[in-house]
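Read off the chains here:
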Amino acid sequence: MSYLELTNIHKAFGTSVAVENFNLSVEQGEFISFLGPSGCGKTTTLRMIAGFEIPTSGYITINSNDLTYLPPNKRNVGMVFQSYALFPNMTVAENIGYGLKIAGKNKSEIATRVEEMLALIHLEDYGKRYPFQLSGGQQQRVALARALAFQPQVLLLDEPLSALDAKIRVELRMEIRRIQQTLGITTIYVTHDQEEALSLSDRIVVMSQGKMEQVGTPSEIYNFPATEFVAKFVGQINLIPVDAHEPEEGLVKVGSQVVRTAKYEILDNKPLRLAVRPEELNPGHLDGANNLSGKVDSITYLGSIVRIRVDVEGHPFSLDVFNERKLNMPVVGEQFQVNFPVDACWIL
Amino acid sequence: MDQTLPPPVVPAKKSIWERLSETNWIGLVPFFAFIFFFLLLPSSNLLLKSFQDFNGNFTLSNYAVMQNPYVIKAYSVSLRVSVITSVVGGVFGFFVAYAIVLGNTPKWMRNFLMTFSGLAANFGGVPLAFSYIATLGRTGFVTAILKSICYPDPTGAQVCPFNPYDNGFNLYSMTGLVLAYTYFQFPLMVLTITPALEGLKKEWREASANLGASPWQYWRDVALPILAPSILGATLLLFGSAFGAYATAYALTGGSIYLITILIAQQIRGDVLNNPYEGYALAVGMIVIMGITILAYNVLQRRTSRWLKS
């Protein structure tokens, strides 16, 4: 049995179903992200682990102990909130030591642990400050230290970086990963930011409309999305309606042009879509690869990347190329050839 | 050498909206005029006259009245009534506000309670006193109903044990005064403390529970310390409101309870006592007490807003 188990979890608010048939096994020390758009049930699932919501059915165990109906203050689970939720009437040190104080630890033990935690988050000199005297990033680090100080069994983070600006977000997510690996604590991280999920996690649970769409490593999720939702939600993707040509040979038609992919099946007249990531497409013709010909529709500069949109017989393909000063850019409206490896595309 | 000078900088012409927004402060003129004519001017006049005798000469003798046992008693009764009603109204009002904000009260009930509080907090004076007399006075209709509840005792004689006046209650006493004051004090507390209760973040409660705290520990360690300045500030406001009340007490007790406001009125009106200058000195004493109250309120409010500005 895994360290944290969520078995057949179902949660409804009245007639509205928030989480449906959720099953997940998490190993000790693993970093799992729940990734999905707003309202997909990821925060509700996290709140059920924390005890702020009770599942309508199903059960949750940590280390083989059933805590489905245990009140939040008896679970020994640390949580970091999006809005930091630091107690404004307490100093940084008092905030960090609060869980230990509640647990009845003596003052010297609390002081030692608070010092350790302050060192862990690199805020050694901030113990006597109040939350309003800290920046957003510092407040969130204190919230993290507070959630870890009483040595919880599992750490839960509910979109902890959403309220911070982009630069701090990147710094802090590396900090979170470093601390998680240092302590080896089992962590569940809720986010709608695919970059955060991909860069932090051992495994990602992609959710949509209360259901699990796919569970896998960042590489599996990105490179082998199981559903159209995952393919669209994680990263950019070209999803092009195609006609079946020779399923056994893995051939499809984009307009009049033939593309080879893995062999596929036609199920219940379900429309076929060819999926290929923009970074897999290259300009020019390449023997042995799939080659398509079209017209340049638009060119968009995205900093380090330039996205070229090519119209292939009415089907828009985006391709990403690295932005180099010497790059010879095509002109909008001119004929353009693209190629991509056979194993870089698949049928959804 | 040819030198092209940059064109002179011409200030951009301001739009009519920009010019209007610069004069928005004009809207405050009626307020400051009101404060000047009805607060600062009378208060200064009061202060000046408290240092004058009947002939307009400077004197400190008006303040000697502070040593008069009646005056000391009047201040003490006023303070006692104010403290009791502010604490009773404060506690009662806090729990009503708690029920409104955190008690899952239906929306229609919240709206009703807030509207009622807005009205009741301003329903003082003679109408309040008469409504109490009409309900709980010796011949009030609630008293009459309670009086009429009679039944035979084991010996067959009729007993009417619910007459409040047979059980020690008297509307025209300190008890009645506290009851009447509480009527406008607790809604004032509801109005003042509701925003503070609404400011308590749900995440604080959840974070404390997550750290192992029970609901009681959350209230003791987090919610009450955060609310304390607001609760104390609101209670001080109630104190000030009760301390300055006159009409309710006078209409209810007819001056039989010696409040400082009633004593001042007697001094200035001249039908019972007649030394308006001593009355002015007593009023200055009240202003000092009210000033301290307002100062304390401001200090406490500033402390809360400092905590909550993050």
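These numbers were taken from a predicted model, which means no experiment stands behind them.

A. Highlighting the overall build of chain B. The number of helices and strands found in chain B is 12 helices and two strands. For chain B, the α and β elements follow one another from N to C terminus as α-α-α-α-α-α-β-β-α-α-α-α-α-α. Against the compact-globule benchmark of 19 Å for 310 residues, chain B has a radius of gyration of 27 Å, which places it well outside the compact range. Taking the principal axes of its C-alpha atoms as reference, chain B extends roughly 125 × 70 × 35 Å. Scored against the burial criterion, the 310 residues of chain B give a buried share of 38%. Sequence separation of 24 or more characterises 67% of the internal contacts of chain B that already satisfy a separation of 6 or more. For chain B, the exposed area adds up to about 17,900 Å²; of that, 68% sits on carbon and sulfur atoms. Distance from the positive charge centre (19 side chains) to the negative charge centre (12 side chains) of chain B: 3 Å.

B. Examining the confidence of the model for chain B more closely. Residues and elements named next belong to chain B. For chain B, per-residue confidence averages 88 on the pLDDT scale, and residues scoring 70 or more make up 93% of the total. Per-residue pLDDT, averaged within each element of chain B, yields its smallest value for helix 1 (residues 16–22) (73) and its largest for helix 8 (residues 202–210) (96). Across the interface, the model reports ipTM at 0.86; the global pTM reads 0.80.

C. Local environment of the pattern of salt bridges. Applying the stated rule across the entire model yields 17 salt bridges over all chains. Here A:R47 ties to B:E206 by a salt bridge, and the two come within 2.7 Å at their closest N and O atoms. Of this pair, A:R47 sits in helix 1 (residues 42–50) while B:E206 sits in helix 8, which puts the two residues in different chains. Each member of the pair A:R47 and B:E206 is classed as buried. Across the salt bridge formed by A:R273 and A:E228, the nearest N and O atoms sit 3.7 Å from each other. One end of the pair, A:R273, is in strand 14 (residues 272–276); the other, A:E228, is in helix 8 (residues 228–233), with 45 residues separating them in the sequence. Under the relative-accessibility criterion, A:R273 is labelled partly exposed at 28%. Using a relative accessible area of 28% as the deciding quantity, one classes A:E228 as partly exposed.

D. View of the sheet that holds strand 19 (residues 335–340) of chain A. Residue and element names in this part refer to chain A. Taken in spatial order, the five strands line up as 15-19-16-17-18 in an open sheet, and their pairing is antiparallel. Only two strands of the sheet have a single partner each, and these edge strands are strand 15 (282–283) and strand 18 (315–322). Relative to strand 17 (residues 305–312), strand 16 (residues 290–301) runs antiparallel, the two being bridged by six bridges. Across the sheet, Y301 pairs through a bridge with V306, a residue of strand 17.

E. Up close: the packing of helix 5 (residues 125–136) of chain B against helix 7 (residues 174–198) of chain B. Residues and elements named next belong to chain B. Packing of helix 5 against helix 7 leaves a shortest axis separation of 10 Å and a crossing angle of 125°. Classified by the interaxial angle, the pair formed by helix 5 and helix 7 is oblique. Between helix 5 and helix 7 lies a crossing of right-handed hand. Side by side, helix 5 and helix 7 meet where L128, Y132 and L136 of the first sit next to L179, A180, Y183 and F184 of the second. The residue inventory of the contact of helix 5 with helix 7, partitioned by class, reads seven nonpolar, no polar and no charged.

F. Representation of the packing of aromatic side chains within the structure. Here the structure, examined in full by the defined rule, presents 27 aromatic pairs over all chains. Centre to centre, the rings of A:F87 and A:Y98 are 5.3 Å apart; their planes meet at 75°, and the pair counts as edge-to-face. Highlighted residues: A:F87 in the loop between strand 6 (77–80) and helix 2 (92–102) and A:Y98 in helix 2, separated in sequence by 11 residues. Here A:F87 and A:Y98 have matching classes, each one buried. Aromatic side chains B:Y218 and B:W219 sit 5.8 Å apart centroid to centroid with 70° between the ring planes, which places their arrangement in the edge-to-face category. Taking the relative accessible area as the measure of exposure, B:Y218 reaches 5% and is therefore buried. What links up through ring pairs into an aromatic cluster is the set B:F92, B:F112, B:F116, B:F123, B:Y132, B:Y183 and B:F186. The positively charged end of A:R146 is found above the aromatic ring belonging to A:F87, 4.6 Å away from the centroid. The ring of A:Y222 carries the charged tip of A:R277 above its face, separated from the ring centre by 4.0 Å.

G. Region of the structure containing a nonpolar patch on the surface. Side chains of B:F34, B:F36, B:F37, B:F38, B:L39, B:L40 and B:L41 sit close together on the surface and give an oily, nonpolar patch of about 730 Å² of accessible area. Locating B:L40 in the fold gives a position in helix 2 (residues 29–49).

H. A look at the pairing of strand 1 (residues 4–13) of chain A. All names here are of chain A. Of the pairings in the sheet, the one linking strand 1 to strand 2 (residues 16–26) comprises seven bridges and is antiparallel in character. Residue pairing for strand 2: A12 is matched across the bridge by V17. Linking strand 1 to strand 2, which pair antiparallel, is a turn of two residues; within it G14 sits at a positive phi near 65°. As paired elements, strand 1 and strand 4 (residues 57–62) share five bridges and run antiparallel to each other. Bridge pairing links L6 to I60 in strand 4.

I. How the structure looks around the packing of helix 2 of chain A against helix 9 (residues 215–243) of chain B. Running from N to C, helix 2 of chain A and helix 9 of chain B point in directions that differ by 145°, and their axes come no closer than 13 Å. The crossing of helix 2 of chain A and helix 9 of chain B is right-handed. Across the interface between the two elements, A:Y98, A:K101 and A:I102 of helix 2 of chain A pack against B:Q217, B:Y218 and B:D221 of helix 9 of chain B. Each residue belonging to the contact of helix 2 of chain A with helix 9 of chain B can be placed in one class, and the counts come to three nonpolar, one polar and two charged.

J. Representation of the environment of A:K211 in the model. All names here are of chain A. Locating K211 in the fold gives a position in strand 10 (residues 211–216). Counting along the chain gives 190 residues from K211 to N21, while the straight-line C-alpha distance between them is 6.9 Å. For K211, the residues in contact, after removing those within four places along its chain, are E20, C40 and V206.

K. Inspection of the environment of A:T7 at higher detail. Residue and element names in this part refer to chain A. Examined against the element boundaries, T7 turns out to sit in strand 1. What makes T7 buried here is its relative accessible area of 17%. The spatial distance from the C-alpha of T7 to the C-alpha of S25 is 8.3 Å, given a sequence separation of 18 residues.

L. Local environment of helix 8 of chain B. Among the residues of helix 8 of chain B, B:W204, B:E206, B:A207, B:S208, B:A209 and B:N210 are the ones counted as buried. Packing partners of the buried residues in helix 8 of chain B comprise helix 1, strand 6, helix 2 and helix 4 (136–149) of chain A together with helix 9 of chain B. Taken from the residues just after helix 8 of chain B, B:G212 is the one with a positive phi, measuring 105°.

M. The arrangement of the side chain of B:T105 in detail. All names here are of chain B. As for its placement among the helices and strands, T105 is situated in the loop between helix 3 (69–102) and helix 4 (107–120). Residue T105 is classed as buried on the basis of its relative accessible area of 18%. Within polar-contact distance, the side chain of T105 engages the backbone oxygen of A99 at 2.2 Å. Excluding residues that lie within four positions of it along the chain, T105 makes contacts with A99, I100 and R110.

Conventions used here
- Residues numbered from 1 in each chain as written.
- Chains lettered and ligands numbered in written order.
- Predicted model: local features only at pLDDT ≥ 70, side-chain atom pairs only at ≥ 80, totals over all residues.
- Heavy atoms only, no water.
- Helix = DSSP H or I, 4+ residues; strand = E, 2+ residues; numbered from the N terminus.
- Rg over C-alpha atoms; globule rule 2.2 N^0.38 Å.
- Buried < 20%, exposed > 50% of the residue type's maximum accessible area, 1.4 Å probe, protein only.
- Contact = heavy atoms within 4.5 Å.
- Areas by Shrake-Rupley, 256 points an atom, 1.4 Å probe, with all protein chains shown as cover.
- Lys, Arg positive; Asp, Glu negative; His and termini not counted.
- Charge placed at Lys NZ, Arg CZ, Asp CG, Glu CD.
- pLDDT = per-residue confidence, 0-100.
- Salt bridge = Lys/Arg side-chain N within 4 Å of Asp/Glu carboxyl O.
- Pairing = 2+ DSSP bridges.
- Axes fitted to C-alpha atoms, helices over the stretch in contact; angles between N-to-C directions.
- Parallel < 35°, antiparallel > 145°, perpendicular 65-115°, else oblique.
- Left-handed = near helix turned anticlockwise from the far one by under 90°.
- Nonpolar A, V, L, I, M, F, W, Y, C, P; charged D, E, K, R; others polar.
- Phe/Tyr/Trp six-rings, centres within 6.5 Å; stacked < 30°, edge-to-face > 60°.
- Lys NZ or Arg CZ within 6 Å of the ring centre and 35° of its normal.
- Patch = residues over 30% accessible without salt bridge, like charges linked within 9 Å, V, L, I, M, F, W, Y side chains within 5 Å.
- Polar contact = N/O pair within 3.5 Å; in protein donor to acceptor, adjacent residues only side chain to side chain.

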